[in-house]
Amino acid sequence: MSRVYRALEDAVGPEHVSDQDFVLYSYSRGMDGALPEKRPDFVVNPGTTEEVAEVVRIANRYKIPIVPRGGGCCLMGGSKPIEIGGIVMDLTRMHKILGIDENTLTVTVEAGITWAELNTKLNEMGYYTGNLGPGSGMSAVVGGGLSHHSVGGGGGAKYGTCTEQCVALEVVLPNGDTVSTGSNASVYTKEPFCRFGFGPDLTALFLGDNGIMGIKTKATLNIYPKPEYHEGKTFTVEEPSPENATKMWLGWRKRGDLGIYDSQFLPQIMVEGMTGKLTGITVVKPWEEIEKAIFWYTMEADTPEQLEANVKIVDKIVKENGGEALGPEIKDGNIAKWHYEEQGHWQNWHALWGGLGPGSIPCSTEHHVPIHRFPYIYHKLDEWGHVHGEELTEAVAIPGVSTAILCGRTTVEVDSGIVVWDKPELREVNRKLWISQIQFLIKEGAMPYMVGEVASRALIDTGAFTGTYYEFLKSVKDALDPNNILSPGKFYL
Amino acid sequence: MAELKNLKKLYDMVYSCSGIGDCRRAFKLSAGRYGVCPVLDHSPAFDPYYARGKVRIAKGLLERKVAPSEPLARAMYQCTTCGSCKSICHQSACEYIQLPTSLFLDHMKVFEAMRADLVEAGVAPMPRHREILEWTKKEHNPYMEKHEDRIKWLPKGKTLPRKAKVVFFMGCTEPYRQPELCQAFLSIMEAAHQNFATLHPQEWCCGSVFLRTGMWDLAEELAKHNLETLKNSGAKEVVTHCAGCYRTLKLDYPELLGELPFEVVNTIEVVRDLINDGKLKFKKTELRVTYHDPCHLGRHAGVYDAPREVIKAIPGVELVEMRRIKDASWCCGAGGGVKSAFPDLAVEIAKDRISEAEETGAECLLSTCPFCARNLKDAAQATESKIRVYDILELLQKQLK
């Protein structure tokens, strides 16, 4: 038994460290269908902040890298080692709700809790976190979401990314010290209540950091009373559908706050994929006869009058731009109702990914663009598909936009990428295509938000960052993590 | 090099897992889902201790990136095969929206095939499973009991025919460990003036434990023997109380041996029908009860309503449901070979269920599976719980008019 192993055993207990080959293997991959497996030397799953800190100190002592990992749902290779070796730190044992404060309207949790577990508890009390994290929120954890600026699990149109809801963090720094941020930075404040104050917003240093700046062990998030009234409608959209969807979103936003909670556009090719026209496998039965793009929204309000008034405005804008409403029930094809009332927001990703049948898996290039740029990016992706036609045929892969989601005030999350088959022999060709597409998108002005291994490196490879920005990023990383312990290799750091 | 012939047959199924991991700890308020894997919190909690990691190991085995080993097998056997992972993976909670990737994945089939391959590779099953295998080859039961004692529960002077339209398949757990349940069934059938036969001495273990733990050769031998015997008995209806036997006879036998010439029903379905036909009446009792869905009966075979209807048919009995029921029910911890190979783990899981039952304020926790009842009783005893654990048949017998 190595000295490192013994030290890790002392830190987390013998049951929670492993160097068994099958355990290491199970942490060698993420959710993508392309990146090569890279086994760590050890996997640990600590149960407390103190244990996390001790593992980090051990890693510094022996100069061993650590990859922090939450639900292991990262689509960009963010929760696995980039190179063989090191420690993967699985934080999912730390999943307690530490406090729900109805005076400050915050919840404090251990960072390994899933978005769904947290929101289930909050929902029972009449609250929610607003943004419900990523679309994989039944598995993805709060710490991972905050490391990726996650959206897609619901509430993005109303509340923006989940990191916008973060009030304070407890973080184990790369040297093993533990800091609290936001209002918790002061020993005199009584409870976490506000992120902004006490000088620079150092909480932000660890948000969207992809685990390179510190290991989040606790998080305080805003909570909101869940509004009593809601509506959800689904529409078909006339062509040119990306342009029409964009006009709808911009039209809404120019009218101010209409209570839109979520909104999503699915191109016609996606609708065909979800109704068996490509593979014979039907996801959404009521859409079987539809040969158009789909667009839906969910809306919240505090009174029925407010809801009715806003629905009128929103529907008018949709209708003016080629939208035609489906019936009100799920059986009529109203997927918005499924999203909001049956928590479909945490499941639609399964449907989308499975649209091509068993074994299909995404190599995601999802990114943000301003609303008005969506049609341009959409059509550019078509061009990319034509240029790479032969390679895509070889890989049996399908490129394109699966959905676009309204996110924040004036941003759209575009869920692009290639759907590939999870076959070992196809991984390398898939990887090349994947990297090619993300680089292409970055050059077209797209902003990847969940960067992991693939997009963080593509940002550098494409020269997206100005020299001064990259030097600044490096200098911050060097100052915090002189031994380059945390997640080495992302951004080529 | 291990041949992995069983996993290879499920190649497409294995690769239909996208690895999202809802099978770890999904919560879904709209479907009453509070967690998924009963083992996880009582294990080292690394990925291979719940479904996603297990499927990933299956991929690793198929790609020859992981070698079969005893530690690997030990992790793969720490699973009750309760099917909760399959249930959440398949769950859109809506008949109009189906999630196709997951629908191709039957987690339990993959885990059982992997166990069978690990057995063939010589690194499994667990030591206690081997002992059970050897004993069952000789005495046709996994409880280290003599075969002829299977019928000892029958009161002296009573006899049962060998042939009848209705055959009671006794199973092993009841006659050898909970004979009072066989006696309760007899009392209930007598009260309703119903006749039935047993196969004894030709009834052998149904094979469930061997199917679940990868010892498929013996499972098939047992299944062939029982099926032949059942055919010879002229049975039109085979009744079993053990949820494990029920699942095996009803679902596994047809898959192994083709269509059955008889119907397989659970005792609780028989009792429900007798009540509906007015053939059974019960005395009133003031009792607040809760009901535990056995995985083999509920999630695996879809029998959720019959036990609840039977409980509600006893005058004065109030049924209060636990937080996790039916499709989202929490496993008792005994299945999949866990009770025999990892008895402490089984009881730790059952303690979670006892605690959940206590939260309802019920005086009594009912189930309709002798294996569940036994493990839940062990946990109630270990925690000194005041809740009493009974099989529904026991309560019915007590309240018979």
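Residues numbered from 1 in each chain as written. Chains lettered and ligands numbered in written order. Predicted model: local features only at pLDDT ≥ 70, side-chain atom pairs only at ≥ 80, totals over all residues.

**Examining the overall build of chain A**
Using the following cut-off: Strands are runs of DSSP state E lasting at least 2 residues, helices are runs of H or I lasting at least 4, and numbering of each runs from the N terminus. To get the radius of gyration, use the C-alpha atoms; to get the globule rule, take the number of residues to the power 0.38 and multiply by 2.2 Å. Residue burial here comes from a neighbour count, namely the number of other C-beta atoms, placed from the backbone, that lie within 10 Å of the residue's own C-beta, with 20 or more meaning buried, 12 or fewer meaning exposed, and in between meaning partly exposed. We call two residues in contact when the distance between their C-beta atoms, placed using the backbone, is within 7 Å.
Helix and strand content of chain A: 16 helices and 19 strands. What you see for chain A is a C-alpha radius of gyration of 22 Å, in line with the 23 Å of a compact globule of 493 residues. Sorting the 493 residues of chain A into buried and exposed places 59% on the buried side. In chain A, of all internal contacts separated by at least 6 residues, the share reaching a separation of at least 24 is 70%.

**Quick look at the packing of helix α11 (residues 179–191) of chain B against helix α20 (residues 392–399) of chain B**
Residue and element names in this part refer to chain B. Operational definition: Note on method: axes are straight lines fitted to C-alpha atoms, helices fitted across the in-contact stretch only, with angles between N-to-C directions ranging 0 to 180 degrees. Here roughly perpendicular refers to angles of 65 to 115 degrees, roughly parallel to angles under 35, roughly antiparallel to angles over 145, and oblique to all remaining angles. Crossing handedness is read from the near helix: turned anticlockwise from the far helix by less than a right angle, it gives a left-handed crossing, and turned clockwise, a right-handed one. Lys, Arg, Asp and Glu make up the charged group, whereas Ala, Val, Leu, Ile, Met, Phe, Trp, Tyr, Cys and Pro make up the nonpolar group; the residues left over, Gly among them, are polar.
Their axes nearest at 9 Å, the elements α11 and α20 cross at an angle of 45 degrees. As far as their axial angle goes, α20 and α11 are oblique. The hand of the α11/α20 crossing is left-handed. Residue-level contacts link E180, L181, A184, F185, S187 and I188 of α11 to L393, E394, L396 and Q397 of α20. Taken together, the residues of the contact of α11 with α20 break down into six nonpolar, two polar and two charged.

**Comments concerning the pairing of strand β10 (residues 215–222) of chain A**
All names here are of chain A. Applied cut-off: Two strands qualify as a pair provided that DSSP identifies no fewer than 2 bridges between them.
Here β10 lies mainly inside the structure; seven of its eight residues are buried. As paired elements, strand β6 (residues 106–110) and β10 share five bridges and run antiparallel to each other. Bridge pairing in β10 places T106 opposite N222. Where strand β8 (residues 166–172) and β10 come together, six bridges link them in antiparallel fashion. Residue pairing for β10: L169 is matched across the bridge by A219.

**Focus on the sheet that holds strand β4 (residues 87–90) of chain A**
Residues and elements named next belong to chain A. Read from one edge of the open sheet, four strands run β1-β2-β4-β3, paired in mixed fashion. The open sheet has two edge strands with one neighbour each: β1 (17–18) and β3 (66–69). With three bridges joining them, strand β2 (residues 42–44) and β4 adopt parallel strand pairing. For F42, the partnering residue across the bridge sits in β4 and is I87. Packed onto the sheet, helix α3 (residues 49–62) meets β2, β3 and β4 and runs at close to 175 degrees relative to β4.

**Here we look at the packing of helix α4 (residues 51–62) of chain B against helix α8 (residues 107–120) of chain B**
All names here are of chain B. For the pair α4 and α8, interaxial distance at closest approach is 10 Å and the crossing angle is 50 degrees. The angle between the axes of α4 and α8 places the two elements in the oblique class. When you trace α4 past α8, the crossing you get is left-handed. Across from A51, K54, V55 and A58 in α4, the residues of α8 making contact are H107, V110, F111 and M114. The residue makeup of the contact of α4 with α8, split by class, is six nonpolar, one polar and one charged.

**Digging into the domain arrangement of chain A**
Residue and element names in this part refer to chain A. Stated precisely, the cut-off is as follows: In this entry, domain limits derive from an automatic or database-based domain assignment.
Domain annotation for chain A reports domain 1 (3–90), domain 2 (97–225) and domain 3 (229–443). Its C-alpha centre places domain 1 at a distance of 35 Å from the equivalent point of domain 3. At the interface, seven residues of domain 1 touch eleven residues of domain 3. Considering only residue class, the side of domain 1 that touches domain 3 consists of five nonpolar, one polar and one charged.

**What about the domain arrangement of chain B?**
Residue and element names in this part refer to chain B. Looking at the assigned domains, one finds that chain B contains domain 1 (5–120), domain 2 (127–273) and domain 3 (280–399). If you average the C-alpha positions of domain 1 and of domain 3, the two centres end up 25 Å apart. Counting only elements with at least two residues in the side of domain 1 that touches domain 3, the list comes to β2 (33–34) and α6 (84–89). A class-by-class count of the residues in the side of domain 1 that touches domain 3 yields seven nonpolar, eight polar and one charged.

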